[in-house]
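Secondary and tertiary structure notes
Residue-level listing of the chains:
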Amino acid sequence: MALNIGDRLTLGIHDIAFGGEGVGRVEDFVVFVPFVIAGEEVEVEVIEVKKNFARAKLLRVLKPSPERVEPECSYFTRCGGCQYQHINYAEQLRVKHKQVTDLFERVGKISPENVLPVVPCPQPYGYRNRIMIRSQWNKPEQKLNIGFLRGDCGLVEDITECKIAEPALNEQILQVRANPPPKGGIKVVLRVQPEGWDVARDSFFQNNFFLLPQLVETARGCLKDSGVKYLLDLYCGVGFFGIELAGAVQSFAGVEYDAQAIKSARRNAETRNITNGEFIAGMVEKVLPELLKKFPASQTAVIIDPPRKGCWPQALELLRAMKPAQVIYISCHPATMARDLNILCGDGVFELAKVTPLDMFPQTQHVECVADLRGK
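The present account deals with the structure reproduced in this document. (Residues numbered from 1 in each chain as written. Predicted model: local features only at pLDDT ≥ 70, side-chain atom pairs only at ≥ 80, totals over all residues. Heavy atoms only, no water.)

1. Quick look at the sheet that holds strand S9 (residues 187-191)
- Strand order across the open sheet formed by four strands is S8-S7-S6-S9, with antiparallel pairing between neighbours. Of all the strands in the sheet, just strand S8 (156-158) and S9 have a single pairing partner and so form its edges. Strand-to-strand twist in this sheet, taken as the mean axis angle between neighbours without regard to direction, amounts to 45°.
- In this sheet, S8 lies alongside strand S7 (residues 143-149) in antiparallel orientation, the contact comprising three bridges. Opposite leucine 149, over in S8, you have valine 156 as the bridge partner.
- In the packing of helix H2 (residues 167-178) onto the sheet, contacts are made with strand S6 (130-138), S7, S8 and S9, and the angle to S9 comes to roughly 150°. (Pairing = 2+ DSSP bridges. Helix = DSSP H or I, 4+ residues; strand = E, 2+ residues; numbered from the N terminus. Axes fitted to C-alpha atoms, helices over the stretch in contact; angles between N-to-C directions. Contact = heavy atoms within 4.5 Å.)

The following block contains the structure:
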């Protein structure tokens, strides 16, 4: 059956793909639809047709899932920040677990048995401590829109609050609106500073303080299980993991290319009286060989929390060549993580013990994962 833009269809939704779109089929042709739930019957309008799939917008839900709930945010479906506010929270966790296991099995050849249930966030709304809002001139209405990029186009949805942001950030949104940027095209980062941590202006820090203790405990549990003596914290940022896990090892070192972040890491260690570690400014690929001469590989764990694009190939090859006893890989992007785990475990160099997903991003498609790999 040939589909055309503008066609109206009745679809049964049988799955939610990684990224948040529902999966329906016309005969064997896949149609992706946002804001639906597996098991629903929906009416949609085709908006894009490609060789192997089409996309459609939701017109109405004909047979709703019992897991469907009323979204808390009035901007939901227009603002591009959230994908799952229409799904009750327990079901969101089940959806994310299935997505992670399916993705890891397909991309990383990882058995679903290795993926633990998703750790829930104690606060599914009002948790996010950092957001970016944008300004854009709305010509038809002759006003400046201030808010988030829409999910369906490059326009900015004008907002006055964000339901997944901490209350302090919503106060900051109102302050920006009261004192708007002079023109469109400006990005404004709003942030709640982590208490007791020195974080340089553009440095990374985890976006969810409420589940952060559990993320640390997950990494600490992996570290203790392996019984190693030393820790290398690669892409360490302001030193968060190295400092938090310092008590579980004899000594550690953190590596980060951002010199300002390294300065913050040293101040953070000093503030906490952490004396069994050091922080080095440099590229992981250049620093790692020397560090693995200093720290015996058979007694060393390497923790990596790379950017969303994953690890540089050179870093992965270095880890494969030098074979530390353990690699703890932390990522908010399961697709690049699965790809990298597949490389690390190639030829039996490392073996995956387990993956723990944590819902650091409720109401959205994103999920954090901690993978525990052991050298063989």
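2. Examining the packing of aromatic side chains
- The full count for this structure, using the stated rule, is nine aromatic pairs.
- Consider the rings of phenylalanine 32 and phenylalanine 53, whose centres lie 5.7 Å apart with planes at 65°: the pair is edge-to-face. Of this pair, phenylalanine 32 sits in strand S3 (residues 29-33) while phenylalanine 53 sits in strand S5 (residues 53-63), placing them 21 residues apart in sequence.
- Taking relative accessible area as the criterion, phenylalanine 53 reaches 24% and is therefore assigned partly exposed. (Phe/Tyr/Trp six-rings, centres within 6.5 Å; stacked < 30°, edge-to-face > 60°. Buried < 20%, exposed > 50% of the residue type's maximum accessible area, 1.4 Å probe, protein only.)

3. Overview of the packing of helix H7 (residues 313-322) against helix H8 (residues 334-344)
- Between H7 and H8, whose axes approach to 10 Å, the crossing angle comes to 35°. Remark: the crossing between H7 and H8 carries right-handed chirality. Where H7 abuts H8, its residues Leu316, Glu317, Leu319 and Arg320 lie against Asp340, Ile343 and Leu344.
- Across the contact of H7 with H8, the residue classes tally to four nonpolar, no polar and three charged. (Left-handed = near helix turned anticlockwise from the far one by under 90°. Nonpolar A, V, L, I, M, F, W, Y, C, P; charged D, E, K, R; others polar.)

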